[in-house]
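Breakdown of the fold
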Amino acid sequence: MQWKLFADIAERAGTDEVVVRVPSDDPTVGDALDALFEAHPELRERVLADDEVGSASRDGIAPDVNVLLDGVDVFTTADGLATELGGGAELALFPPVSGG
């Protein structure tokens, strides 16, 4: 399973792509995220919310981090971190980016 990382998340990991092994027959986005944290524990603090207030609907993910599956935010159109992954799925962690 491959994660694409963007902006400050990629900077923390020292790379913009991370391949992880997900030990599950029916992997979910959450399983892949756990594998990413195992490979890069320094990302846990940036990706997870500081507290549970306001993050319950986002499975504990910080409000300024988008978790994308095939380019779609898993919290707007899928089952959040419980979303099942198919073969060839593209995962990404994408913080909001501004500029002009």
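Scroll up for the structure.
To start, this report covers the structure provided alongside it. Values in this document were obtained by computation on a predicted structure and should not be read as measured data.

A separate point is the pairing of strand β3 (residues 66–69). Of the pairings in the sheet, the one linking β3 to strand β5 (residues 90–94) comprises 4 bridges and is antiparallel in character. For Leu 68, the partnering residue across the bridge sits in β5 and is Ala 92. What sits between β3 and strand β4 (residues 72–73) in their antiparallel hairpin is a turn of 2 residues, with Asp 70 showing a positive phi close to 55°.

In this structure, Arg 46 sits in helix α3 (residues 44–47). In sequence terms Arg 46 and Val 65 are 19 residues apart; their C-alpha atoms lie 8.6 Å from each other. Those residues within four positions of Arg 46 in sequence are excluded, and the remaining contacts are Asp 8, Ile 9, Arg 12, Ala 62, Asp 64, Val 65 and Pro 95. Side chain to side chain, Arg 46 and Asp 8 meet in a polar contact 2.6 Å long. A polar atom in the side chain of Arg 46 sits 3.2 Å from the side chain of Asp 64.

With that settled, the discussion passes to the nonpolar core. Within the largest apolar cluster, 28 residues are counted, with the highest numbers of intra-cluster contacts made by Trp 3, Leu 5, Val 29, Leu 36 and Leu 93. Sorting the residues of this core by element identifies β1 (2–5), α1 (7–13), α2 (29–39), β3, α4 (74–77) and β5 as the ones contributing at least two each. Here this core takes 6 residues from α2, the largest share from any one element. What Val 29 contacts, discounting residues up to four positions off in sequence, is Trp 3, Val 67, Leu 69, Val 74, Gly 80, Leu 81, Thr 83, Leu 85 and Leu 91.

Tracing the backbone shows Asp 70 in the loop between β3 and β4. C-alpha of Asp 70 to C-alpha of Gly 88: the two residues are 18 residues apart in sequence and 9.2 Å apart in space. If sequence neighbours within four positions are ignored, Asp 70 has contacts with Gly 88, Ala 89 and Glu 90.

All right, on to the side chain of Arg 58 then. If you trace the backbone, Arg 58 turns up in the loop between α3 and β3. Buried charge Arg 58 goes without a salt bridge, the closest partner of opposite sign being Asp 73 at 4.4 Å. Within the local environment of Arg 58, its side chain forms a polar contact with the backbone oxygen of Ala 62, the two atoms lying 2.9 Å apart. Excluding residues within four positions of it along the chain, Arg 58 makes contact with Pro 63, Val 65, Asn 66, Asp 73 and Phe 75.

On to the sheet that holds strand β2 (residues 17–19), then. Two orientations exist for strands paired in a sheet by backbone hydrogen bonds: parallel and antiparallel. The strand order β2-β1-β5-β3-β4 describes an open sheet built from 5 strands, whose pairing is mixed. In the strand order of this sheet, the two ends are held by β2 and β4, each with one partner. Across 4 bridges, β1 lies against β5 in parallel orientation. Directly across from Trp 3, in β5, lies its bridge partner Leu 91.

Cut-offs and rules
Residues numbered from 1 in each chain as written. Predicted model: local features only at pLDDT ≥ 70, side-chain atom pairs only at ≥ 80, totals over all residues. Heavy atoms only, no water. Pairing = 2+ DSSP bridges. Helix = DSSP H or I, 4+ residues; strand = E, 2+ residues; numbered from the N terminus. Contact = heavy atoms within 4.5 Å. Polar contact = N/O pair within 3.5 Å; in protein donor to acceptor, adjacent residues only side chain to side chain. Core = buried A, V, L, I, M, F, W, Y, C linked by side-chain atoms within 4.5 Å. Buried < 20%, exposed > 50% of the residue type's maximum accessible area, 1.4 Å probe, protein only. Lys, Arg positive; Asp, Glu negative; His and termini not counted. Salt bridge = Lys/Arg side-chain N within 4 Å of Asp/Glu carboxyl O.

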